[in-house]
There are 2 protein chains.
Amino acid sequence: MGQDVDLARSVADDTLGRLAADRDLLGRSGTAQRVAEVLRDRIAEGALPPGTRLSEQALGAALGVSRNTLREAFRSLVDGRLVVHEMNRGVFVRMLDPDDVTDIYAVRRALEDTGLRAAATADPERLAALHTAVAGGEAAADAGDWPEVGTADLRFHRALVALAGSPRLDEYMTRLIAELRLAFLAMPSARALHEPFLRRNRRIVDLLAAGDTPGAALVLERYLDDACEMICTAMRMDGA
Amino acid sequence: MGQDVDLARSVADDTLGRLAADRDLLGRSGTAQRVAEVLRDRIAEGALPPGTRLSEQALGAALGVSRNTLREAFRSLVDGRLVVHEMNRGVFVRMLDPDDVTDIYAVRRALEDTGLRAAATADPERLAALHTAVAGGEAAADAGDWPEVGTADLRFHRALVALAGSPRLDEYMTRLIAELRLAFLAMPSARALHEPFLRRNRRIVDLLAAGDTPGAALVLERYLDDACEMICTAMRMDGA
DNA sequence: GCTAAGCTATTGTTGAACAATCCCACAAGA
DNA sequence: TCTTGTGGGATTGTTCAACAATAGCTTAGC
């Protein structure tokens, strides 16, 4: 090839940088990590309900991986609180109790408040993501797709945290939401769970757009209180 | 043993409850988890400096565990960000850059602010822990034990987060501190790192005791800004 | 009905094996 | 001189088979 030009000098300065950023997106993951992701998905969608025992032999055979690899995947799930490991008994899909839910919502309050307080100085692109998520939730509600309303709701609140611009806060919120989905599974109706909160999300973005951060914080506070109580009472009824 | 009395009725009501809470502290852990804890300690104290490669064979032989068990332990460390896993290359003790430190301090701000805001309604026992930690730091400074000043400082700020009364927030703060220790290792002098902040911690508890939460928040804010910048500049000098 | 002993299935952990990959040194070519 | 193949060696990724330890069930005995 006669075109022996220097790549590093021939392209725009940040091209190589962007390529480097894409490096970790490319394959390069390893079986254990992929197994962990599969199990995370199955747990989130309820295919592996809370309390389910994750037999090493059965799961290993089903996924076509060895027990050792599976056990590596389990470690990640344990750290994400999606699964509990009882010594010499195995791992089980986590069962949340009302105390867990209350604590999860306490953390949500801390995280989402942080995002809210950063709204004034936040990247406009991130503020736009809020609108997109709310609009998506409303569209899904119109279509009657209540599970999608649920994920749009969570996307909105994740976008709220993202206003802070902190990768670690983002990641923690993601993990928290994965855990929270365990509680959602206990709810009988996705519609009853998510419909009442559509309007509040809309109100939060509107108040934010109007520059009324304290007002938005107030609505958010009530949102979280009510959602927490709704789930907790449902769990108590289910448990009794 | 003739004393066949019913244990559950012979002791104060919450004794068994407390014992149950201690259950997970003793034994019952498994080799992989213990290995992970050992490695966490060694990394925190700098025996395994950032950038060190954690060879499976060498570490396995040194600790007397198999490669499989070691790899399980590595998963936990990866999730805790103490270590990075590069596919087909192995795991290395994490090297933080200034962006990481800045983000860690952003999260600290969110978490410790949350604790601070809960101070008014917090458990008195938890408020007492604040005083204990500050006093411990001052005593260590008088004794010239600067590493101990550092751990007392972190204990104080963990106690600050604990005011919120959230187990998940506590755990996250613990993990964050473990990560932050990686940055502390880059500092040449433990004294230079911790001494300037002793007075501020004292001031925070005093303001809190006086009921001046906003004042305490302001001091905390400056504390975190200054500490972050101090570490970041040190890292930049070290890297250049 | 309750306790105790024994059986069975599962987990905890190890060691060995093999393929895949990376790193390094070295040679060949522009 | 700088870049580009090319082995070779070491390390990781993953599996498999084995054995000890444990939990839970079953059965026998009272």
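This one's a predicted model, so the numbers in the text were calculated from it and none came from an experiment. (Residues numbered from 1 in each chain as written. Chains lettered and ligands numbered in written order. Predicted model: local features only at pLDDT ≥ 70, side-chain atom pairs only at ≥ 80, totals over all residues. Heavy atoms only, no water.)

1. Side note on the protein's contact with DNA strand C
Close to DNA strand C lie 22 residues; Arg71(A), Thr31(B), Asn68(B), Thr69(B) and Arg89(B) are nearest. Counting only atoms of DNA strand C within 4 Å of the protein, the sugar-phosphate share comes to 72%. Take Asn68(A): an N or O atom from its side chain is 3.4 Å from a base oxygen of DNA strand C. With respect to DNA strand C, the side chain of Thr31(B) contributes an N or O atom lying 2.3 Å from a phosphate oxygen. (Near = heavy atom within 4 Å. Polar contact = N/O pair within 3.5 Å; in protein donor to acceptor, adjacent residues only side chain to side chain.)

2. Description of the pairing of strand β2 (residues 83-86) of chain A
Residue and element names in this part refer to chain A. Across four bridges, the pairing between β2 and strand β3 (residues 90-93) is antiparallel. For His 85, the partnering residue across the bridge sits in β3 and is Val 91. Here β2 hands over to β3 after three residues, with Asn 88 in that stretch at a positive phi of 65°. (Pairing = 2+ DSSP bridges. Helix = DSSP H or I, 4+ residues; strand = E, 2+ residues; numbered from the N terminus.)

3. Comments concerning the packing of aromatic side chains
Counted under the stated rule, the structure contains three aromatic pairs over all chains. Ring plane angle 5° and centroid distance 3.9 Å describe the contact between Tyr172(A) and Tyr172(B), whose orientation is recorded as stacked. One end of the pair, Tyr172(A), is in helix α9 (residues 167-184); the other, Tyr172(B), is in helix α9 (residues 167-184), on a second chain. Using a relative accessible area of 10% as the deciding quantity, one classes Tyr172(B) as buried. (Phe/Tyr/Trp six-rings, centres within 6.5 Å; stacked < 30°, edge-to-face > 60°. Buried < 20%, exposed > 50% of the residue type's maximum accessible area, 1.4 Å probe, protein only.)

4. Notes on α9(A)
Under the 1.5 Å per step criterion, the end-to-end length of α9(A) is 25 Å for 18 residues, consistent within 8% with the ideal 26 Å. Of all the positions in α9(A), only Arg168(A), Leu169(A), Tyr172(A), Met173(A), Arg175(A), Leu176(A), Ile177(A), Glu179(A), Leu180(A), Leu182(A), Ala183(A) and Phe184(A) are classed as buried. (Expected span 1.5 Å × (residues − 1).)

5. A closer look at the packing of helix α6 (residues 98-117) of chain A against α9(A)
Residues and elements named next belong to chain A. Where α6 contacts α9, the two axes come as close as 10 Å, and the packing angle between them is 150°. In terms of orientation, α6 and α9 fall into the roughly antiparallel class. In the crossing of α6 with α9, the sense of the turn from one axis to the other is left-handed. Residues Val 101, Ile 104, Tyr 105, Val 107, Arg 108, Leu 111, Glu 112 and Thr 114 of α6 lie in contact with α9, whose contacting residues are Leu 169, Tyr 172, Met 173, Leu 176, Glu 179, Leu 180, Ala 183 and Phe 184. Of the residues that constitute the contact of α6 with α9, the class distribution is 12 nonpolar, one polar and three charged. (Axes fitted to C-alpha atoms, helices over the stretch in contact; angles between N-to-C directions. Parallel < 35°, antiparallel > 145°, perpendicular 65-115°, else oblique. Left-handed = near helix turned anticlockwise from the far one by under 90°. Contact = heavy atoms within 4.5 Å. Nonpolar A, V, L, I, M, F, W, Y, C, P; charged D, E, K, R; others polar.)

6. Considering helix α4 (residues 56-63) of chain A
What sets the pattern is the α-helix's 3.6 residues per turn: residues three or four places apart point alike. All names here are of chain A. Listed in full, the buried residues belonging to α4 are Glu 56, Leu 59 and Gly 60. Each buried residue of α4 sits inside an arc of 100° when the element is viewed along its axis, so together they form one side. Turned more than 90 degrees away from the buried face of α4 sit Gln 57, Ala 61 and Ala 62, all of them exposed. Those residues of α4 that are buried lie in contact with α3 (31-44), β1 (53-54) and α5 (67-79). Backbone geometry just downstream of α4 places Gly 64 in the positive-phi region, at approximately 75°. (Arc of directions from axis to C-beta.)

7. A word on the protein's contact with DNA strand D
What surrounds DNA strand D is a group of 22 residues, the closest being Thr31(A), Thr69(A), Arg89(A), Arg71(B) and His85(B). The sugar-phosphate backbone supplies 72% of the atoms of DNA strand D found within 4 Å of the protein. Within the side chain of Arg67(A), an N or O atom sits 3.5 Å from a base nitrogen of DNA strand D. Within the contact set of DNA strand D, a phosphate oxygen lies 3.4 Å away from a backbone nitrogen or oxygen of Glu56(B). Sorting the residues of the surface near DNA strand D by element identifies α5 of chain A together with α4 (56-63) and α5 (67-79) of chain B as the ones contributing at least two each. Considered class by class, the residues forming the surface near DNA strand D number one nonpolar, 13 polar and eight charged.

8. Here we look at the interface of chain B and chain A
The partner chain A presents 30 residues to the 30 residues of chain B that form the contact. A buried area of about 2,800 Å², summed over both sides, lies between chain B and chain A, and 43% of it is on carbon and sulfur atoms. Here chain B is connected to chain A by 12 salt bridges. The partner of Arg81(A) in a salt bridge is Glu171(B), and the shortest N-O contact between them spans 3.4 Å. Here chain B is connected to chain A by 16 residue pairs in polar contact (both at pLDDT 80 or more). At the level of elements, α3 (31-44), α5, α6 (98-117) and α9 of chain B are the ones that each hand at least two residues to the side of chain B that touches chain A. It is α9(B) that provides the largest number of residues to the side of chain B that touches chain A, a total of eight residues. (Buried area = accessible area lost by both parts, 1.4 Å probe. Salt bridge = Lys/Arg side-chain N within 4 Å of Asp/Glu carboxyl O.)

9. A closer look at the relation of the copies chain B and chain A
For the pair chain B and chain A, the best superposition has an RMSD of 0.0 Å and corresponds to a rotation of 180° with a translation of 0.0 Å parallel to the axis. Considering both components of the superposition, the chain copies are consistent with a two-fold axis. Measuring from the rotation axis to each C-alpha of chain B, the shortest distance belongs to Glu72(B), at 2.6 Å. A shared interface surface links the copies, since 100% of the contact residues of chain B are contact residues in chain A too. (Least-squares fit on C-alpha atoms with pLDDT ≥ 70 in both.)

10. Structural notes on the confidence of the model for chain A
Taken over all residues, the pLDDT of chain A has a mean of 90, while the share at 70 or more is 88%. When the criterion is pLDDT under 50, residues 1-13 of chain A qualifies, and its contacts beyond four places in sequence or with other chains add up to three contacts. (pLDDT = per-residue confidence, 0-100.)

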